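Architecture and fold: a report
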Amino acid sequence: SITNGATVTAAARVTDDPSATATATADAVTVNDTPAIPTSSKETQARKGAITVSAPGKALIAGGYLVLEQPNPGVVLAAKGCRFHSTVAIRPMAAEDKEMEDDGGGDGNANGNGNGIGNTNGNAGDATAPWKSIPVDIYSPQFHRIYRYTLWYSSLDYSPQRSAEGKAASPLATLRLQPRHADTSTSSSSSSSETKNTFVEKTLLLALGYLHQSLGGREFHERIRRFQRRAEEKESMASTEPLPQHIMALAIKLRADNDFYSQIHHLHQRGWELTPQNMEMLEPFLPCPKEADSGRVAIHKTGLGSSAALVTSLVGALLAFFGVVSLPETVDGEEALEEDMTLPPAGFENGDSDEGVATPDGMENNGKHKEGLKIAHNLAQICHCYAQGKVGSGFDVSSAIYGSHIYTRFSRRLVGKFLDGLDQEGSSSSLTESVSQQLVDIVDGTWDSTVTPINLPPGLELLMADVCGGSESPSMAKQILEWKQNHRKTGFLDDYYWKDLKRCNKKIGTLLTDQFASAPIRDGLRRDGVMILANRTAEQWKKPMPSSWHEFVGSSWDVAGKLIDLRMAIMESRQNLKGMGRAAGVPVEPDEQTALANATMKLPGVVAAGVPGAGGYDALYVIYVKGPDTCDGKSDRVRDEIGKLWKEWNRKEEDGGNGNTKAVVCPLSVRAAGFGGENGLCVSRLDW
């Protein structure tokens, strides 16, 4: 419980609640006699200032809807050049009248009893809980907002066996995230969805709750105090004049690469055409535009998993800042080289490994980072489920952690009961000791999800399109699952589409983990991809080619055959998804998207195109053979030709020449990432 007392503005560092006393009794408090979690290199980085952790977006190219059920696999490609960045630092508290979000300032009195501190479950008069607090400021420049909170927490280490006299019957709240401003309310009565970010708030609550419980209240408090002292010393050393005393806050800055959100507005504003090259020329972290009439932020997502990448990067940044995990790090800002990764053999089963992850032999710092990624994965999955209000498949969070892979989901029972318990607690902003311990037990436990690494071989590349139209995948998924449950019998066979999709998805995964991972095929693609395969359409791949007069394993003829196998498997998957969508009355692959994908597949070098994930109107993916370099190596001829087709497509879609379009297709700058290391969750060198 939180007792009433001074607001956060009454202290320069961590604030003691004046109503709490230091008369903790021995039966109520047990000093943690386990060794403190060792300080990692990430805490060393945190001493120097900000620490940034980033996570990639994704494209699910096979497994849509089926991945919701075990043991159906999903084939997911992580997005290179499309990452969400969360930066954590200790900085002076944001002033209440700071106008990043134009909210008019305020006095921090929100949802409480006049002093900015709300009521919580538990015993408000518990003298054994010396409450501390620290401001928490969330900067979201792309959404033009600052979210302001106060984190209240107990600085004591509680024993699982609180007392033999019934004191454990009423769980004690040990942590609360309290809004400092009326516009950042965690209450469901908030009138505007723009004044809060559910994914940020709920992730903060659970991530900080995990840290507080796993470190212990005293160690959690001591680490915050050390961080604050270092920040004050750094600020003092940087100035030659005496500085006014600042309240030092836990500050978090959220930034997303441009491809997560539609950039059509910014391209049109500059008078630029919608081409892949122009997308790459845009400045990083462009803000979302505001609607002219209402001033509201216009957020148009591109379907690359921004929510999952946000949650995962935020969880990773907090874990790394507090020094409880070690994560992979970027090297001079360069991405890991996919071709240097050693893939597992075909048919690799990884359910018995830690976290179900098959780690390539060449993965950097394997032992050092595996445990950190496991903790980040499990905690991020729980946070994402809690924020979205349901237990999803988790493939998007898994991709944000590990990069490109074949994924099978975790059992719902792992987190379902815990999430139900959170809802029954009746508070969306505080955690009790018992709930926090359940969270730690689940995060640190063994999960049954599986991850099998994949990489697009050198010579194949990914291109994504932002298609303005929009679809809501949660409602589409609900309709598909209802159809599956009630109306699955089609024709002469039960589960007609479902069974065929299982077979197609398995074939796509096998091609990527087996045939395209073999050295002869990869060598052949390097040798003949640019000059032979990229200059021919898929129909022409079936005809004799220069290096195939003497057929051998890895010849252009052999490589073309494997590309056609992948193309046909993806096409069959598309046909079954479209048929299932029609049967369920859901536009999984709308006719407009079918026409665009089919036209793209007729171009030289294009292997396959389709709608990713749950489908709908908002995105398209293309896998193609890279052509000769263009634009000083920043693009290639096949990519350019796809961009030209889409530009012409936009012109054909214009209605009567009045400039209004039915659909606008804008290429994104994203490419395919590999598995592990810098391709997944990692610490970057991006500063505040």
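Applying the stated rule across the entire model yields 21 salt bridges. Note that R503 is salt-bridged to D500, the shortest N-O span being 3.5 Å. Taken together, the residues span about one helical turn, with R503 and D500 both in helix α12 (residues 496–513) at a distance of 3 residues. A relative accessible area of 44% places R503 in the partly exposed class. For R574, the salt bridge goes to E589, with nearest N and O atoms at 2.9 Å. Of the two residues, R574 is situated in helix α15 (residues 556–584) and E589 in the loop between α15 and α16 (591–601); the sequence distance between them amounts to 15 residues. For R574, a relative accessible area of 9% translates into the label buried. A relative accessible area of 6% places E589 in the buried class.

Bringing the sheet that holds strand β11 (residues 460–467) into the picture now. As summarised here, the arrangement of the 4 strands in space is β12-β13-β11-β16, forming an open sheet in which the pairing is antiparallel. One side of each edge strand has no neighbouring strand; the edge strands of this open sheet are β12 (606–610) and β16 (665–667). On average, each strand axis in the sheet is tilted by 25 degrees relative to the strand beside it, whichever way the strands run. Where β12 and strand β13 (residues 619–625) come together, 4 bridges link them in antiparallel fashion. By the bridge assignment, A608 is partnered in β13 with I623. Sheet strands in contact with α15 are β11, β12 and β13, and its direction is about 15 degrees off that of β12.

A word on the packing of aromatic side chains. Applying the stated criterion across every chain yields a total of 11 aromatic pairs. Measuring from ring centre to ring centre gives 5.4 Å for Y139 and W688, while their planes differ by 85 degrees; the resulting arrangement is edge-to-face. Of this pair, Y139 sits in strand β4 (residues 131–140) while W688 sits in the segment after β18 (682–684), placing them 549 residues apart in sequence. Here a set of aromatic residues connected by ring pairs shows up, and it is made of Y153, F220, F227, F321 and F322. The cationic tip of R270 hangs over the ring face of W272; the distance from NZ or CZ to the ring centre is 6.0 Å. Of note, K484 hangs over the ring of W498, and the distance from its end group to the ring centre comes to 5.2 Å.

So, on to unusual backbone geometry. Here Q70 and P71 are connected by a cis peptide whose omega angle stands at -5 degrees. Here Y65, not a glycine, exhibits a phi torsion of approximately 75 degrees, which is positive. Structurally, Y65 can be placed in the loop between β2 (51–62) and β3 (74–92). Although it is not a glycine, H144 adopts a positive phi angle of roughly 65 degrees. Inspection of the secondary structure puts H144 in the loop between β4 and β5 (145–154).

Residues L204, L208, L319, F322, I382, W541 and W646 are the most contacted members of the largest nonpolar core, which totals 159 residues. Among the elements that make up this core, the one with the highest residue count is helix α6 (residues 306–321) (11 residues). Beyond its immediate sequence surroundings of up to four residues, W646 is in contact with L463, M464, A465, L596, T600, L620, V622, V665 and P667. Counting residues in each nonpolar core, the second largest holds 14 residues, with L66, M476, W498 and M580 among its members.

Right, let's talk about the packing of α15 against α16 for a bit. Relative to each other, α15 and α16 sit at 170 degrees, their axes nearing to 12 Å. One element, α15, and the other, α16, form an angle in the roughly antiparallel class. Of the residues in α16, those in contact with R567, M571, R574, K578 and R582 of α15 are D591, T594, A597, N598 and M601. Across the contact of α15 with α16, the residue classes tally to 3 nonpolar, 2 polar and 5 charged.

Reading guide: rules and limits
Residues numbered from 1 in each chain as written. Predicted model: local features only at pLDDT ≥ 70, side-chain atom pairs only at ≥ 80, totals over all residues. Heavy atoms only, no water. Salt bridge = Lys/Arg side-chain N within 4 Å of Asp/Glu carboxyl O. Helix = DSSP H or I, 4+ residues; strand = E, 2+ residues; numbered from the N terminus. Buried < 20%, exposed > 50% of the residue type's maximum accessible area, 1.4 Å probe, protein only. Pairing = 2+ DSSP bridges. Axes fitted to C-alpha atoms, helices over the stretch in contact; angles between N-to-C directions. Contact = heavy atoms within 4.5 Å. Phe/Tyr/Trp six-rings, centres within 6.5 Å; stacked < 30°, edge-to-face > 60°. Lys NZ or Arg CZ within 6 Å of the ring centre and 35° of its normal. Core = buried A, V, L, I, M, F, W, Y, C linked by side-chain atoms within 4.5 Å. Parallel < 35°, antiparallel > 145°, perpendicular 65-115°, else oblique. Nonpolar A, V, L, I, M, F, W, Y, C, P; charged D, E, K, R; others polar.

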